[in-house]
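Descriptive analysis of the structure
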Amino acid sequence: MPYERPDLVAVKARYEELARALEGAGSFEEADAAFVEKDQLDRHVQTLAELVYIRHTIDTRDEFYDAESSFWDVAQPELAQADDAFKAALLSTPYRARLAEKYGELIFAQAEQERRTFSPEIVEDMKRENALTQEYVKLLASAQIPFEGGTYTLSQLTPFKRSADDATRLAAWKAEGAWYKEQQPQLDRIYDDLVHVRDAMGRKLGHENYIPLGYDRMGRLSYGREDVERFREAVVAHVVPLADKIYRAQAERLSVEYPLSFADETLSFRSGNPTPRGTAEDVLEAGRTFYRALSPETGSFFDMMLDRGLMDVLSTEGKAGGGYMTMIPDYDVPFIFANFNGTQGDVEVVTHEAGHAFSYYMNTDKVPVSLCMPTSEACEVHSMSMEFMAWPWAEEFFGEDARKYRYAHLAGAITFIPYGTMVDHFQHEVYEHPEMTPAERHATWKRLLGVYMPWMRLDGEIPFYADGEGWQRQHHIYENPFYYIDYCLAQTVALEFWAMSQDDFKGAWDHYMAYTRQGGTRAFTDLLAHAGLQSPFDEGCLKGICERATAWLESYDLTGIE
C-alpha cells in the first residue's frame, strides 16, 4: 500500500470547494454528489494517516515514519478546521431531509456534536495535545528493562510478571516498577501538560472544564454523565463484592496473603496461568480453525486477514505497546497490531482485535465512512463478546489449559470492570480539578484503589505499583481521555452474550450478527435495542449478570487443577 505525504494546502482547498458545492447545490443530486465526493476524500485522507500510524507504531525508531507522524499531528487539527466548514454546510442544506432519508439522521447528530468539539481557537492546542501523546507513546516504547541477565521491552517482560515462580514474578514486577519510577518526572510532566491543554480547550469552547468536551469527543449521543455515574454506583454495589470473592478464592488457591500483592493478583493458579499451545503461528492457525467453524462470514474474513498479511503481532524492539485494530478505507480492509508474548493475551488478541476487524469487514459498504464503525463502547462489544464466542474452541487455543482458561477468562471479565470503572472515576476527578499537583493525582488514584480494588495491598513493596501510582502505565489515560469506561460498558454486554451462549449458542451468535450488521448506523443504546440486547444502564443489568456469573464460578469444577 503506497504512501506519499499529501499536499495539505491542496487537500484543505478541496474540502473548502466541496463545502461551497454543497452550500450552493441547486438540486438534491448536486448536494448528494458533493456529499459522496467528500466521503471519498475522507477515506483517502484517513487511509494515508492510518498507514503512517501503523508503520510508526510497528517501529517508533523509523525516522521516516516518525517524521510523517509528526506531520499528521499538525495536519489533522488543520484538516478538522477545513472539515468544520463542510459540516456547517451539511447542517444548513435545504436537502437535509433527503440526505437523512438516504444516509440516516445520525450523520446530522454527529455533525452537530463534532462541531461542538472544534473551534479555530483550539487548533494550536490540538497540535500540542498530539505532540504530548506521541511523546508518551515513544517514552514507553523506548523501555529497555534489565532483568535476569537480559533486556526487555514492557511487553516482553509480561511473561515474567505472570510466572508461576513467586520469586521470578515478584522480581519482574519490581524491575518494571523501578523503570516506571525512573521515568516518573517525565510521566508527571507530560500528563500535567495534557490536563492543562485539554482544560484550556474545554474552556475556550464554553465549558467550565474539559469533561463535556471529552464526552462529545467520544461521540456519546444516547447517554450522559449521569448514566455513567449510576453505572459506577452499580459496579461498587454488585461487581466489587463479587470480584473480592474471586480474589479471596485466588489467595486461598495460591496460599498467599490477602489483600494480594500486585505480583500475586496476576497469577490465577499455583501451577501457572493458562498459556497458548505452540508458537505465534500456532495461535493464528487455531484462530483460522475457530473462525472457519464459527460461520461462513468469519471464516472468509480471517482467511483474508492471514492471506493478505493484515496482522503484525510479534513483540519487537522499538514497537509501540498494546494492541489495536484500525481500518484502511481505500482498500476496504482492517489491520490488527499486537504484541504477542506467549501469554493468554495472545489468544485474546486473535479474538478481541479480530472482533473489531470483523465488524468493519462486514460494513465496508456503509456510506459515509463514519457509519462503517460505531462509537468506541459499541465497538468494544464486538471484540469482548467475540472472546466469549471462542469458548467452544478453547481446546484449539489452549489444549489441556482450556479448563483453566474458561475460569480465568470469566473471572477476569468480572474483575476487570472495577478497574476500568476506577480509571473513569479517576479521570473525572482529574479534569474537575485540573489544578491538582502530580502528587495529588497519585493520592487520588490510591484512594480510589481502596474503593474499587480493596483486594490490592498498597505496602510499597513493589515500586510505583504498590505506591498507588500504576495509573501512569495506562495508555488511555494519556491518549484517549474517558475512553476506558467504554470497555466496562462493553464488558457488561459481552457478559450478557456469555450468559446467552451458555443457554443457546446459535441464538447468541444470531444476536451478535444482528448487532454487528448495523455497523455505526445507530447510537450505542439504540444498537443494543435493535439487536434485542439489554443496556448496561438498565436497572438490575449488572446485578443479574453478577448473579449468573457467581453461580457459574461457584459450580465450576477445578478438580485436578492446582
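In this report, the structure presented in the accompanying data block is examined. Counting from 1, residues in each chain are numbered in the order their sequence is written. Reporting of local features is limited, given that this is a predicted model, to residues whose pLDDT is at least 70; pairs of side-chain atoms are given and counted only at 80 or more, and all residues count toward the totals for whole chains, interfaces and linings. Side-chain calculation: all heavy atoms of the structure are included, whereas hydrogens and water are not.

Describing the environment of Leu90
Strands are runs of DSSP state E lasting at least 2 residues, helices are runs of H or I lasting at least 4, and numbering of each runs from the N terminus. Assignment of secondary structure puts Leu90 in helix H3 (residues 63–92). Note on definitions: a residue-residue contact is assigned when non-hydrogen atoms from the two residues lie within 4.5 Å. Excluding residues that lie within four positions of it along the chain, Leu90 makes contacts with Leu22, Phe35, Leu99, Phe108 and Ala111.

What about the packing of aromatic side chains?
Working definition: rings of Phe, Tyr and Trp (its six-membered ring) pair if their centres are within 6.5 Å, and the pair is stacked with planes under 30 degrees apart, edge-to-face with planes over 60 apart, and tilted otherwise. Summed over all chains, the structure comprises 58 aromatic pairs. Here the aromatic residues Phe290, Tyr291, Phe301, Phe302, Phe358, Tyr361, Trp393, Phe397, Phe497, Phe505, Trp509 and Tyr512 are joined through ring pairs into a cluster of three or more. The ring of Phe28 is capped by Arg98, whose NZ or CZ atom sits 4.1 Å from the centre of that ring. Only when the NZ atom of a Lys or the CZ atom of an Arg is both within 6 Å of the ring centre and within 35 degrees of the ring normal do we say a charge sits over the ring. The lysine or arginine in question, Arg548, covers the ring of Trp498, its NZ or CZ lying 5.9 Å from the ring centre.

Overview of the pattern of salt bridges
Every case where a carboxyl oxygen of Asp or Glu lies within 4 Å of a side-chain nitrogen of Lys or Arg is listed as a salt bridge. The full count for this structure, using the stated rule, is 51 salt bridges. Asp59 is paired through a salt bridge with Arg61; the nearest N and O atoms lie 3.0 Å apart. According to the relative accessible area criterion, Asp59 is partly exposed, its value standing at 22%. For the salt bridge of Asp193 with Arg189, the shortest nitrogen-to-oxygen distance reads 4.0 Å. One end of the pair, Asp193, and the other, Arg189, are both in helix H8 (residues 166–204), four residues apart, so they sit about a helical turn from each other. The partly exposed category is assigned to Asp193, whose relative accessible area is 25%. Using a 1.4 Å probe on the protein chains alone, a residue whose accessible area is under 20% of its type maximum counts as buried, one over 50% counts as exposed, and one in between counts as partly exposed. Judged by its relative accessible area of 35%, Arg189 falls in the partly exposed class. Counted as one network, the salt bridges with shared partners bring together Lys38, Asp42, Asp83, Lys87 and Glu114.

A word on the side chain of Ser155
In this fold, Ser155 is placed in helix H7 (residues 154–161). Classification of Ser155 as buried rests on a relative accessible area of 14%. Setting aside residues no more than four positions away along its own chain, Ser155 makes contact with Ser315, Asn339 and Asn341.

Things to note about the pairing of strand E4 (residues 324–328)
For E4, a buried count of five out of five residues is recorded, marking the element as mostly surrounded by other parts of the structure. Burial of E4 is two-sided: the residues Tyr324, Thr326 and Ile328 facing one way and the residues Met325 and Met327 facing the other way are all buried. In this scheme, strands are said to pair when DSSP sees at least two bridges between them. Strand direction decides the pairing type here: E4 and strand E5 (residues 333–340), joined by five bridges, are antiparallel. Its bridge partner being in E5, Ile328 is matched across the sheet by Val333.

Let's talk about the packing of helix H15 (residues 376–389) against helix H21 (residues 505–516)
Note on method: axes are straight lines fitted to C-alpha atoms, helices fitted across the in-contact stretch only, with angles between N-to-C directions ranging 0 to 180 degrees. Two elements in contact, H15 and H21, have axes separated by 11 Å at closest approach and are oriented at 160°. Judged by the angle between their axes, H15 and H21 are roughly antiparallel. Crossing hand, H15 versus H21: left-handed. Contacts between H15 and H21 involve Ala378, Val381, His382, Ser385, Met386 and Met389 on the former and, on the latter, Phe505, Ala508, Trp509, Tyr512, Tyr515 and Thr516. Residues of the contact of H15 with H21, tallied by class, amount to nine nonpolar, three polar and no charged. Roughly parallel means an angle under 35 degrees; roughly antiparallel, over 145; roughly perpendicular, 65 to 115; everything else is oblique. Left-handed is the label given to a crossing in which the near helix is rotated counterclockwise from the far helix by less than a right angle, and right-handed is the label when the rotation is clockwise. Think of it as three bins: nonpolar holds Ala, Val, Leu, Ile, Met, Phe, Trp, Tyr, Cys and Pro, charged holds Asp, Glu, Lys and Arg, and polar takes everything else, Gly as well.

Structural notes on the pairing of E5
The element E5 is largely enclosed, with a buried count of eight among its eight residues. Of the two faces of E5, the one lined by Val333, Phe335, Phe337 and Asn339 and the one lined by Pro334, Ile336, Ala338 and Phe340 are each fully buried. Alignment of strand E3 (residues 311–314) against E5, held across three bridges, turns out to be parallel. Following the sheet pairing, Met311 is matched in E5 by Ile336. Between E4 and E5, which follow one another and run antiparallel, lie four residues, and Asp332 among them has a positive phi close to 55°.

With respect to helix H6 (residues 123–141)
Each residue after the first adds 1.5 Å to the expected span of a helix. Here H6 spans 27 Å end to end across 19 residues, near enough to the 27 Å set by a 1.5 Å rise per residue. The buried count for H6 comes to 14 of 19 residues, which makes it a mostly enclosed element.

Let's talk about the sheet that holds E4
Read from one edge of the open sheet, three strands run E3-E5-E4, paired in mixed fashion. A strand with exactly one partner marks an edge of an open sheet, and here the two such strands are E3 and E4. Strand-to-strand twist in this sheet, taken as the mean axis angle between neighbours without regard to direction, amounts to 15°.

Section: the environment of Thr326
Its place among the elements puts Thr326 in strand E4. Sequence spacing of Thr326 and Tyr360 is 34 residues, and the spatial spacing of their C-alpha atoms is 8.9 Å. The contacts of Thr326, once residues within four sequence positions are left out, are Glu50, Ile54, Val333, Pro334 and Phe335. Reaching out from Thr326, the side chain makes a polar contact with the side chain of Glu50 at a distance of 2.8 Å. What qualifies as a polar contact is a pair of N or O atoms within 3.5 Å, subject to a donor-acceptor requirement within protein and to the restriction that residues adjacent in sequence count only when both atoms come from side chains.

Such coordinate-based values are descriptive only and should not be taken to indicate function.
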